[in-house]
Structure formats: structure tokens, C-alpha cells
Amino acid sequence: MTGGAGGIGRAIVRALAADGRRVVSGDIVEEAADEAALAVHLDVRDSGSVDAAVTWAERELGPIEILINTAGWDEFRSFLETDEEFWDRIIELNYKGCLRVCRRVVPGMVEREYGRVVNISSDAARVGSSLEAVYAGAKAGQVAFGKTLAREVARRGVTVNSVCPGPTETPLLEGMLGAGEASAKMVDALRRAVPMRRLGQPEDVAAAVAFLASEQAGFITGQTLSVSGGLTMA
Ligand SMILES: NC(=O)c1ccc[n+]([C@@H]2O[C@H](COP(=O)([O-])OP(=O)(O)OC[C@H]3O[C@@H](n4cnc5c(N)ncnc54)[C@H](O)[C@@H]3O)[C@@H](O)[C@H]2O)c1
């Protein structure tokens, strides 16, 4: 899986390990990887790094049966204040990163006629999110890509699904909101917008991912599942 050293990624690692899976966590932050997983340096912005990490993972643990694309990043910015450099940063990581890893891993799954791909998108992809225009577009691209890949590999035993977290308490969200009174107000507003009146926890997202990665989810493909306490019901 990618992004395994982050808030949601660590919870996914633990959920998969609890299901008896042997997990390799690829991340640019190696030292923070979870003890439930083998860690490998991976930069999803670089095809060479993707190839090296996947080759290493397959040498250590054998063919990859499950791929979870979790690596992602954003920063709140009004679209009118963004520039092309910022767009490229967002798209390279959140969209093309997922393409690179799928391009490297999915052919093996197709050949072996078994695979589960789960892409961590965002509710921003489904309904938009103020100050996240480029990220929302990249994440929506990831969802549409996943649906199309799902169609192309459906008869080869490979499923591809997207999980869309709503606001979830992780280092990413903390960094985006910043500190201070304005941030506390924003957290409060987010909570009030959620029908269940709380922010997501990484474990909420991980449970959905573990299900879609399981044997039992074999007839579910091309789907988009929000994990957001009812914030998005589309
Ligand atoms: N936290 C939220 O509220 C929220 C909401 C919707 C979607 N998401 C998505 O969930 C995923 C996980 O987010 P999180 O909140 O756990 O964030 P996080 O920052 O805690 O984790 C992201 C992980 O991705 C890794 N990463 C960043 N760039 C990378 C690269 N180039 N190559 C490999 N790894 C890289 C980071 O080192 C980090 O470990 C992201 O795709 C994010 O967009 C998060």
C-alpha cells in the first residue's frame, strides 16, 4: 500500500494485518511506518521509485494481491490564488501517483486473475469542497479512472473501488486547518455539518477499505463508498 505512514494509512495497515494480511507500506516517510508492516521508501511521483518499491515488495512477500493507494496531500487555497506549479503538485501526487502504482501492479493481478485495488479518494471528489478545487478535481479523476480500470479488468478477477473519506482526524487535516481560534471554529463547523456530529477517525476509513479488500467483496467493483458520518449521501 502507498501512504502507509500517514494517519489513515496506518489504520489501514493495522486493519489489513488484523485480517492476517502481510503488508508492505510504501511512503516517502520511512521511519514512521507502522510495525505491522514492512516499510519501503516510495515516492509515487516517480515511476522509477514505484518500480523499485514494488519489485522489493514482491521479492519480500510474493505477488501483490491487494493494492491500497493512500498517498495524498492538499493545502487549503482559493482556486483564484493558485498557480500552475501548485496544480502540478496536486495532480502529480493525488492523481498520477495512483496511475503509476496501478500501471506497475495491476498487470500482475490480471495475469494471476486475482486482485483487489482500493483507491483512497475524498468526498471532495463527489460534492466539491471549498478551497480544494484542484484536489477535488484530481480526486474525482482518480474515481473516474478507477471505474474505467474496473471495467477493463472485471473479467480477470480484479476489482477496483474508491473509498471517499470526509474530514478525518489525521496529521494532514491538522496541518491544513492550522492552529488557533480560527481553526477551532472550522473544526466545529465541520462537526456540525456531519449528521453524526463528529469528524472521521482513521479506523472508520480502514474498516471500509478492509472490507473492499476482502474475499467477500469479490462481486463489488467500480464503486465509490463515502465514509463520512452521512456528510455525503450521493
Ligand atoms: N484526512 C482527511 O480529512 C482526508 C479526507 C479525504 C481524503 N483524504 C485522503 O486520505 C489519504 C490519506 O490522508 P491522511 O489524512 O492520512 O494524510 P497523511 O498526511 O496523514 O498521510 C498521507 C501519507 O502519504 C504520504 N505521502 C505523501 N506524498 C507521498 C509520495 N509522493 N509518495 C508516497 N507517499 C507519500 C505521506 O508521507 C503520508 O504518510 C490521502 O489520499 C488524502 O487525500 C484525507
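Residues numbered from 1 in each chain as written. Predicted model: local features only at pLDDT ≥ 70, side-chain atom pairs only at ≥ 80, totals over all residues. Heavy atoms only, no water.

1. Notes on the site of the ligand
If you check the shell around the ligand, you find 29 residues, and the closest are I8, D27, Y135, T168 and T170. Within the backbone of I8, a nitrogen or oxygen atom sits 2.8 Å from an oxygen atom of the ligand. Between T168 and the ligand, the recorded distance is 2.8 Å, taken from a backbone N or O atom to an oxygen atom. Burial of the ligand by the surrounding chains reaches 92%, relative to a free accessible area of 820 Å². When each cavity is represented as a set of grid points, the ligand is found to reside in the largest pocket. Among the elements of the structure, helix 1 (7–18), helix 5 (133–153) and helix 6 (171–177) are those that each provide at least two residues to the shell around the ligand. Its residues placed into classes, the shell around the ligand shows 15 nonpolar, ten polar and four charged. (Near = heavy atom within 4 Å. Polar contact = N/O pair within 3.5 Å; in protein donor to acceptor, adjacent residues only side chain to side chain. Areas by Shrake-Rupley, 256 points an atom, 1.4 Å probe, with all protein chains shown as cover. 1 Å grid on protein atoms, 1.4 Å probe; cavity = no way out; pocket = protein on both sides within 12 Å on 5 of 7 lines; lining within 4 Å. Sits in = over half its atoms within 2 Å of the grid points. Helix = DSSP H or I, 4+ residues; strand = E, 2+ residues; numbered from the N terminus. Nonpolar A, V, L, I, M, F, W, Y, C, P; charged D, E, K, R; others polar.)

2. A few points about the sheet that holds strand 6 (residues 224–227)
Within the open sheet, the four strands sit side by side as 3-4-5-6. Their pairing is parallel. Both outer strands of the open sheet, strand 3 (66–69) and strand 6, are each paired with one neighbouring strand and no more. The average angle at which neighbouring strand axes cross in this sheet is 20 degrees, direction not considered. Pairing of strand 3 with strand 4 (residues 115–120), which is carried by four bridges, proceeds in the parallel orientation. In the sheet register, I68 faces strand 4, and the bridge partner there is V118. Its contacts with the sheet put helix 3 (residues 84–112) on strand 3, strand 4 and strand 5 (158–165), and the angle it makes with strand 3 is roughly 170 degrees. Contacts between helix 8 (residues 202–212) and the sheet are confined to strand 3, strand 4, strand 5 and strand 6, with strand 5 contributing the most and set at about 170 degrees to the helix. (Pairing = 2+ DSSP bridges. Axes fitted to C-alpha atoms, helices over the stretch in contact; angles between N-to-C directions. Contact = heavy atoms within 4.5 Å.)

3. Comments concerning the environment of S226
Tracing the backbone shows S226 in strand 6. Linking S226 and V187, residues 39 residues apart in sequence, is a C-alpha distance of 19 Å. Every residue in contact with S226, bar those within four places of it in the chain, is listed here: D123, R126, C164 and T232. Within the structure, the side chain of S226 is placed 2.5 Å from the side chain of D123, a separation counted as a polar contact. Within the local environment of S226, its side chain forms a polar contact with the side chain of R126, the two groups lying 2.9 Å apart.

4. A few points about the layout of surface pockets
Empty space among the atoms can be located by rolling a probe the size of a water molecule over them. Considered as a void within the structure, the largest pocket measures approximately 1,200 Å³ in volume. Considering the residues around the largest pocket, the lining is formed by 50 residues, among which G72, W73, Y135, L172 and M176 are closest to the centre. Its residues placed into classes, the lining of the largest pocket shows 26 nonpolar, 17 polar and seven charged. Looking at the second largest pocket, its volume works out to about 480 Å³. Together, 24 residues line the second largest pocket, and R22, V24, I64, E65 and I66 are the ones closest to its centre. Contributing elements (two or more residues each) for the lining of the second largest pocket: strand 1 (23–27), helix 2 (47–61), strand 3 and helix 3. Element by element, the count of residues in the lining of the second largest pocket is highest for helix 2, at five residues. A breakdown of the residues in the lining of the second largest pocket according to their chemical character gives 18 nonpolar, three polar and three charged. (Points joined across faces, edges and corners; volume = space filled by probe spheres on them.)

5. Concerning the nonpolar core
Core analysis: the largest hydrophobic core is formed by 25 residues, its most contacted members being C102, V106, M109 and V117. When residues of this core are assigned to their parent elements, the largest contribution, eight residues, is made by helix 3. Residue contacts for C102: discarding those within four places in its chain leaves L67, N69, P107, V117, N119, F145 and L149. If you look at the next biggest cluster of nonpolar residues, it comprises 22 residues, including I8, V163, L212 and A213. (Core = buried A, V, L, I, M, F, W, Y, C linked by side-chain atoms within 4.5 Å. Buried < 20%, exposed > 50% of the residue type's maximum accessible area, 1.4 Å probe, protein only.)

6. Some details on the side chain of N161
As for its placement among the helices and strands, N161 is situated in strand 5. A distance of 2.8 Å separates the side chain of N161 from the backbone nitrogen of Q223, its partner in a polar contact.

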